[in-house]
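Structure at a glance
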Amino acid sequence: WGHDEIHYLDHSFLFAGVWWEAFPNISGSELVLVSTNPPDAKAPSTANPIEEKSLLSNGTAAPNFTALTPDGKPITLASLKGKTVLLDFWATWCGPCTASMPGLEKIYKQIKSQNVVVFSLNVFDNKEAFDAWVKKFSGTTYTFRFAYDPAGQNNAKSIASKLYNVSGIPTLYIIGKDGKIKASLVGSGNEKNLVAELGKLGIKAQAP
């Protein structure tokens, strides 16, 4: 943008030929950008504003949900009870989300034998983008589990915002074997904090 251009983020704005809406994450340190329709478009935007709430507290029972595996089959969080779950909320358009995945993969390789799973849930996104991304990266670059939120770009109905009070991504919850939340981390570059929180649960790993 030029120096004389002012953009108010309570409205959609045009950048690089695409209309966007911007929302601050929980800490206010990052903006979540979601593509939207032009202001004069007849169809309503699917990028609904996300109500900002506090993340679920440690000790809270993790809400169950049903998502879709890359091959379209339903998968529930409850099916993973008895394992420690790293529930990672992300989107294909979120740079910090994809930037954090290499570190998460390195940690996962150290802890998967300790009855730990990474459940990487794609949210605030469209199915075509998810399918293309997973086809390119899943099973090769990344070996943990991916799933898609059926709510798609309907932020108000998203598993992330509706059940887990997520208003900015990446957000990661650590869920214990008892199905209760043990910790939550917001933003990228949290490998050391993740390793520290896992250590409290007796799970051994080293930050990459």
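A few points on the structure. (Residues numbered from 1 in each chain as written. Predicted model: local features only at pLDDT ≥ 70, side-chain atom pairs only at ≥ 80, totals over all residues. Heavy atoms only, no water.)

1. Overview of the pairing of strand β10 (residues 181-186)
The sheet contact formed by strand β9 (residues 171-175) and β10 spans 5 bridges and is antiparallel. Within β10, the position partnered with Thr 171 by the bridge is Val 186. Count of turn residues in the β9/β10 antiparallel hairpin: 5 residues, of which Gly 179 carries a positive phi of about 85°. (Pairing = 2+ DSSP bridges. Helix = DSSP H or I, 4+ residues; strand = E, 2+ residues; numbered from the N terminus.)

2. A word on the pattern of salt bridges
Counted according to the given criterion, the structure contains 4 salt bridges. Ionic pairing is found between Glu 105 and Lys 109, a salt bridge with its closest N-O pair at 4.0 Å. Residue Glu 105 and its partner Lys 109 are both found in helix α1 (residues 95-111); the two are separated by 4 residues, about one turn of the helix. The salt bridge involving Lys 200 is made with Glu 197; its shortest N-O contact spans 3.3 Å. With Lys 200 and Glu 197 both in helix α4 (residues 191-200), this residue pair falls 3 residues apart, about one helical turn. (Salt bridge = Lys/Arg side-chain N within 4 Å of Asp/Glu carboxyl O.)

3. Some remarks on the state of the cysteines
A covalent bond between the sulfur atoms of two cysteines is what we call a disulfide. Scanning all chains against the criterion turns up 1 disulfide. The disulfide partner of Cys 94 is Cys 97, and the S-S distance across this bridge is 2.3 Å. Looking along the S-S bond of the Cys 94-Cys 97 disulfide, the torsion reads about 80°, which is the right-handed sense. When its relative accessible area of 4% is taken as the criterion, Cys 94 is described as buried. Judged by its relative accessible area of 0%, Cys 97 is buried. (Disulfide = S-S within 2.5 Å. Buried < 20%, exposed > 50% of the residue type's maximum accessible area, 1.4 Å probe, protein only.)

4. What to know about the pairing of strand β7 (residues 116-122)
By the criterion of burial, β7 is predominantly enclosed, with 7 of the 7 residues buried. Side chains Val 116, Val 118, Ser 120 and Asn 122 of β7 all project onto a buried face; the interleaved residues Val 117, Phe 119 and Leu 121 project onto the opposite face, where all are buried too. Where strand β6 (residues 84-90) and β7 come together, 7 bridges link them in parallel fashion. Of the residues in β7, the one forming a bridge with Phe 89 is Leu 121. Since β6 and β7 lie parallel, the crossover through α1 that links them has a hand, and here it is right-handed. Examined bridge by bridge, β7 and strand β8 (residues 145-148) share 4 bridges and lie parallel to one another. (Right-handed = clockwise from strand over helix to strand, strands pointing away.)

In short, shape yes, function no, at least from these values alone.
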